[in-house]
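What follows is each chain in one-letter form.
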Amino acid sequence: PAVFAIVSGETVLGATSALRGFSWLLAPDHRLDADVHAALASFVAARGSETDVVVGPADEVAGVLAALASRNVAVAEVREQVMMVSPGTIAPPAPRRPQTIRTAGMSDLRWLLEAHAGMCREDLGVDQVARNRSGYEAYFRELIASGRVWIGEAAEGRVFKAEVALRTPRAWLVEGVYTVPEARRAGFARHAMATIAAEAARHGRLACLYVHRKNVAAIAVYRAVGFEDVCPWSTAIVVRGRAAPPRWFSRCA
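These numbers come from a predicted model, not from an experiment. (Residues numbered from 1 in each chain as written. Predicted model: local features only at pLDDT ≥ 70, side-chain atom pairs only at ≥ 80, totals over all residues. Heavy atoms only, no water.)

**Description of the pairing of strand E11 (residues 228-240)**
Spelled out, the test is: Two strands form a pair only when DSSP identifies at least two bridges running between them. Strands are runs of DSSP state E lasting at least 2 residues, helices are runs of H or I lasting at least 4, and numbering of each runs from the N terminus.
Of the pairings in the sheet, the one linking strand E4 (residues 51-57) to E11 comprises seven bridges and is antiparallel in character. The residue of E11 that forms the bridge with Val55 is Thr235. Two elements, strand E5 (residues 73-85) and E11, share 12 bridges in a ladder whose sense is antiparallel. Paired with Glu80 across the strands is Ser234, a residue of E11.

Set out below in structure tokens:
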């Protein structure tokens, strides 16, 4: 299974998932419990792959990373982020130039892969799509088939993309938000994000996302359409059984 319960005796302390990296949800009284962090660290360390991702509230991730230090798992990178959530109601502002927001079709796949590669080069300094094109192609095909990729089109063609990576009964997790460089500062991202948040609200969900704390331009866009800060967030890349992380990690922002 992808989701596991964290238990002490017959008491459930939380749950953890290994579906898209390691994430978890802990009972409020156990959020900062060192024993729970140690249990999560043991769970992460038992994974067979060489590298992995640990993601969650910053203070909880810090506790898990500290516990990983004695388990032959090194921290290659920590991205300091903020989790944000949309309001329950939202009215999309008009962009300065006309834009149409739609869900993607399979004919958009090639452009999506190119746009995602461009986003990775800007944000991380490495083209992750080139490293695993078949994996990303399968990922986008699945999201397109379930109507979870959004595209913004203007007179010059496709200018914006975002994916709803996860959907729960309460929220949509939005990732991969990207406006092509030549179409920036025209209000496209603000209009598109408000449209996606409004669509989530129409389905009785909140739109949420996490963004690097240094990405002040993106944070300003999200706040302009009503997104609010929830908590400091961290995404950590961990490496098993190595004295030093792979060279490419040093290029990440």
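Continuing now.
**Concerning the pairing of strand E8 (residues 157-167)**
Here strand E7 (residues 149-154) pairs with E8 via six bridges, running antiparallel. Along E8, the bridge assignment pairs Ala154 with Gly157. Linking two consecutive strands that pair antiparallel, namely E7 and E8, is a turn of two residues. Pairing of E8 with strand E9 (residues 171-179), which is carried by six bridges, proceeds in the antiparallel orientation. Bridge pairing in E9 places Lys161 opposite Tyr178. From the end of E8 to the start of E9, which pair antiparallel, there are three residues.

**Points about the sheet that holds strand E2 (residues 11-17)**
Put simply, the rule is: Interaxial angles span 0 to 180 degrees and are taken between N-to-C directions of axes, which are lines fitted to C-alpha atoms, for helices over the stretch in contact.
With respect to topology, three strands assemble into an open sheet ordered E1-E2-E3, the strand pairing being antiparallel. This sheet does not close on itself; its edge strands, each paired only once, are strand E1 (3-8) and strand E3 (23-26). Put simply, the sheet's adjacent strands are angled 25° from each other on average, direction ignored. Direction of pairing for E2 relative to E3: antiparallel, over a ladder of four bridges. The partner of Ser17 across the bridge, within E3, is Ser23.

**Section: unusual backbone geometry**
A negative phi angle is the norm for most residues apart from glycine, just as the trans form is the norm for most peptide bonds. The condition is simple: Buried means the residue's accessible area, taken with a 1.4 Å probe over protein chains only, is under 20% of the maximum for its type, while exposed means over 50%, and partly exposed covers the values in between.
For Asn72, which is not a glycine, the phi torsion comes out positive at approximately 60°. On the basis of relative accessible area, Asn72 is assigned to the exposed category, the value being 55%. Residue Arg185 is not a glycine yet carries a positive backbone phi of 65°. Note on placement: Arg185 falls in the loop between E9 and helix H6 (188-202). With relative accessibility at 73%, the residue Arg185 sits in the exposed group.

**A few points about the packing of helix H1 (residues 34-45) against helix H2 (residues 58-68)**
Put simply, the rule reads: Crossings are assigned a handedness: left-handed for a near helix turned anticlockwise from the far helix by less than a right angle, right-handed for a clockwise turn. Whether two residues are in contact is decided by their heavy atoms: any pair within 4.5 Å suffices. The residue classification treats Ala, Val, Leu, Ile, Met, Phe, Trp, Tyr, Cys and Pro as nonpolar and Asp, Glu, Lys and Arg as charged. All others, Gly included, are polar.
The contact between H1 and H2 brings their axes to 8 Å, and the two run at 65°. By crossing handedness, the relation of H1 to H2 is classed as right-handed. Taking contact as the criterion, the partners of His37, Ala38, Leu40, Ala41, Val44 and Ala45 in H1 are, on H2, Asp59, Glu60, Gly63, Val64, Ala67 and Leu68. The residue makeup of the contact of H1 with H2, split by class, is eight nonpolar, two polar and two charged.

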